[in-house]
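# Survey of secondary and tertiary structure
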Amino acid sequence: MLSKANFRPYQAHLYTEALHKKRLGILVGVGGGKTGIALSLMGDLIREMEVGRVLVVSTVAIVTSVWPSQAQEWEATAGMKVELLRDPPTAALRKQVEAQWGKRRKTLEPKWALEYEADRHGEDHRDVFISAKALAWKKHWLQKLRSRWFRDTATNSDALIHLINAELFADLCKEMTEAEWPYDAVVFDESTLFANGQSKRFEAYKPFAHIPSRVLLLSGSMFSRGVEAVWSQVWLLDGGARLGTTLTAFRQRYADPHPYLTGVWTYREGVEDEIKQAIADICVAVDPSAFLDIKADVRADVPVSLPSAVQRKVDKLRAECLLQLDHAVIEAANAAVLINKLRQMCNGFAYTDDEGNWEEVHTAKIDRLVELVAEINAPVIVLYEYKADLQRIKAALPQAVVFNKSRAMVDMWNDGRIPVLLINPMSASHGLNLQHGGHHMIWFAPTWSLELTEQAEGRIGKERQAQSGLNRAAFYYRLVTDDGTEQQVINRLLSRTDVRDAFTNHLLLNMEDV
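Throughout what follows, the structure given in this document is the object of discussion. Just so it is clear, the model here is predicted, and its values are computed rather than measured. (Residues numbered from 1 in each chain as written. Predicted model: local features only at pLDDT ≥ 70, side-chain atom pairs only at ≥ 80, totals over all residues. Heavy atoms only, no water.)

The next point concerns the pairing of strand β19 (residues 475-481). Strand residues, when the strand is regular, have side chains that alternate between the two faces of the sheet. Here β19 lies mainly inside the structure; 5 of its 7 residues are buried. Here strand β10 (residues 298-304) runs beside β19; their pairing, made up of 7 bridges, is parallel. Opposite Ala300, over in β19, you have Tyr477 as the bridge partner. The pairing of strand β18 (residues 440-443) with β19 spans 4 bridges and is parallel. By the bridge assignment for β19, Trp443 is matched with Arg478. (Buried < 20%, exposed > 50% of the residue type's maximum accessible area, 1.4 Å probe, protein only. Helix = DSSP H or I, 4+ residues; strand = E, 2+ residues; numbered from the N terminus. Pairing = 2+ DSSP bridges.)

Throughout the structure, instances matching the rule amount to 1 cavity of 30 Å³ or more. Roughly 30 Å³ of volume is contained in the largest cavity. Taken together, Ala18, Lys21, Lys22, Arg23, Leu24, Leu41, Met42, Arg214, Val215 and Leu216 make up the lining of the largest cavity. In terms of residues, the lining of the largest cavity owes the most to one element, strand β6 (residues 214-219), which gives 3 residues. Counted by class, the lining of the largest cavity contains 6 nonpolar, no polar and 4 charged residues. (1 Å grid on protein atoms, 1.4 Å probe; cavity = no way out; pocket = protein on both sides within 12 Å on 5 of 7 lines; lining within 4 Å. Points joined across faces, edges and corners; volume = space filled by probe spheres on them. Nonpolar A, V, L, I, M, F, W, Y, C, P; charged D, E, K, R; others polar.)

Under the defined criterion, the tally for this structure stands at 29 salt bridges. Taking the shortest distance from any N to any O, the salt bridge between Lys21 and Glu17 comes out at 3.3 Å. Note on Lys21: relative accessible area 28%, which makes it partly exposed. Given a relative accessible area of 21%, Glu17 falls into the partly exposed group. (Salt bridge = Lys/Arg side-chain N within 4 Å of Asp/Glu carboxyl O.)

What the rule picks out here adds up to 22 aromatic pairs. Where Phe7 meets Tyr15, the ring centres are 6.1 Å apart and the plane angle is 50 degrees; that geometry is what we call tilted. Both rings, one in Trp101 and one in Trp137, keep their centres 5.5 Å apart while their planes meet at 50 degrees; by these two values the pair is tilted. Remark: Trp137 occurs in helix α5 (residues 126-156) and Trp101 occurs in helix α4 (residues 90-119); sequence separation between them is 36 residues. (Phe/Tyr/Trp six-rings, centres within 6.5 Å; stacked < 30°, edge-to-face > 60°.)

Let us look at the sheet that holds strand β1 (residues 23-28). Reading across the sheet, the 7 strands line up as β3-β4-β2-β5-β6-β1-β9 and stay open at both edges, with parallel pairing between neighbours. Edge positions in the sheet fall to β3 (82-84) and β9 (283-286), since each has one partner strand and no second. Averaged over all adjacent pairs, the angle separating strand axes in this sheet is 15 degrees, with direction ignored. Bridge count for β1 against β6 is 5 bridges, and the pairing is parallel. Following the sheet pairing, Gly25 is matched in β6 by Leu217. In the packing of helix α2 (residues 34-47) onto the sheet, the strands contacted are β1, β2 (54-58), β4 (161-165), β5 (185-189) and β6, and the crossing angle to β6 comes to about 170 degrees. Here helix α6 (residues 166-174) sits on the sheet and contacts β2, β4 and β5; the angle it forms with β4, its principal contact strand, is near 110 degrees. (Axes fitted to C-alpha atoms, helices over the stretch in contact; angles between N-to-C directions. Contact = heavy atoms within 4.5 Å.)

Before going further, it helps to spend a moment on the state of the cysteines. Tallying each qualifying case throughout the model produces 0 disulfides. No disulfide involves Cys321; its sulfur sits 15 Å from the nearest other cysteine sulfur, which is in Cys346. (Disulfide = S-S within 2.5 Å.)

Another aspect to go through is unusual backbone geometry. Residues other than glycine seldom take positive phi values, yet Met49 does so here, at roughly 65 degrees. Tracing the sequence through the fold places Met49 in the loop between α2 and β2. On the basis of relative accessible area, Met49 is assigned to the exposed category, the value being 72%. Positive phi outside glycine occurs at Asn377, with the angle close to 55 degrees. Positionally, Asn377 belongs in the loop between α13 (364-376) and β15 (380-383).

Turning to the nonpolar core, a few remarks are in order. Counting residues in hydrophobic clusters, the biggest one holds 52 residues, and the most contacted among them are Ile26, Val54, Trp67, Leu216 and Ile381. At 7 residues, α2 tops the list of elements feeding residues into this core. Residues in contact with Val54, not counting those within four places in the same chain, are Met42, Ile46, Leu160, Ile161, His162, Tyr183, Ala185 and Val187. Within the second largest apolar cluster, 46 residues are counted, among which are Ala166, Tyr205, Ile279 and Ile282. (Core = buried A, V, L, I, M, F, W, Y, C linked by side-chain atoms within 4.5 Å.)

Have a look at this one:
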C-alpha cells in the first residue's frame, strides 16, 4: 500500500502546494507521479469532509485502466468506491422510447394528421409528414432519457470518485444544470484534452467552472501545442483571470492582428516570458529527472532508403501533385494533402480514395521494421499512424498484438506475454504504465505532434523505469526515409520543443526549493 511516506521530495512539495491552493496546475513530466499526488490529495480532502464528490476527466484508456487500479494502491483512497461513468445504454433507452411510443401513438398520429390538413398545400404527403413528426418525437424523448440517465448516475451514485472520458464529459455537462452539479472537486488528468478553447467539451464545462471548490490540473505536456493552447488550459483553473476571459482577449493582450488577413494573429516576441510570469502562481512544473537517479534515454534514427523507382514517383508527386499508380491515380489538392500523401509513400503505401482503400508502393520500411524487431530480440512497442500501415505490419509480424485499451492487455504486456505490441499514439499515449513489459519502442514514422510523441514515449520512459526500480534505459528507434519528407516532420517537432522549453524552464521547481 502506497502513502505520502512514499513521496519523493518534489511530490511532497507539490502535494503541499495543492493542499494550500484551491486551484493548481501540476505540470510534471511523464512518470513523475501525478496520479499519486492527486489521489492522496483528493482522498484526504474527502476524509476531512472538505469535498464530497470528485470527478476525474481524462482519456478512455486512463479512466478505465489507470485510475481504478491506482485508487486501490494508494492508502488515501483504498476502500473508497470509484465508479466509471459510461455512455448511456442507448439500446435500452430506445426500447423505453418505443414502449412510450406504443402508448402515445393513437393520440399523437391523429393530432399530427389534423396539423397537416390545416397547413397542406398541393399534393398529399400526410404519411411522410407523420413519419417525420414521429421520428422527431422519438429523438426528443431519447434525449430526455439520456439526460435523466446522466443526472441519476451522477447524483444518485454512492461512489465518492467518478471517472469519465473527455468526450463523454461534454455530454454530461450538457445534461446538467448548475443546481444539479454534484462535484466539489474536478481533476483534469491531461489538460491538453482542453487545449482547444472552442471545443465542445470546453464550451460545455464553462457554465460550471465556477462551482468546484477544488480544481487540479495535471499535465506532462501543457505547452506542447504552442502559445495559444495555454489559454484554455489555464482558464480551467482561474476562469480567465490571468490570461483573459476569452480567446479574443488573450490574443489582443499578447498578439498583433495581421494587417490584411482577418482572424490571423502573430504573437509578439518574448510573449512566453509574459505568460510564464502571469501563471507562475497557479502552475508548478517539475522535471522528475532532476530528482531521480535516471539512466539517459537512448535514441536512434534508423535510415531507410527508398527504391530508386519509388523515389522517382515521390519526386513526381511532389512536383506535379498527381501520380499514376499501378491501379489508381492519387491527387493532392493542396499542400496539406500533398505532405500527407508523401508521408504515406515514404511508409510504403498510398490511399487511393476516401473509403480507406490503398495500394502498396514498396516494402522497404516494413522490411527494415522486421529486421529491427529481430535485432532487438526483446519485447517492443511499435507505434503506427495509418490503418493501412497497421494491416501491413500485422501481416509482416504475425506475433504482434494490437492494443485494445483494456487493462487486461496492459497486464499481459507488463507480464511479458506480448512480444510486439502495436499502438496508435492517438488512442493510447496518455497515462498508461507500460514500463514493466519492456523498454524498447519503435516509431514506424515520425509524427507531427510533440504532445503525442512525448506522451507515447513516456509510457516506457526513463522516469517510469526509475520509479519502478528498473535500472535500465529506454530505447527509442525512429524509421526515417532518406527523401527529406520525414525530416520535415522532425524539424517541426524540434521547433515545437523549443517553444515548450521556453515556457517550462521558467516554471521549473528547483531542487533547492524542496
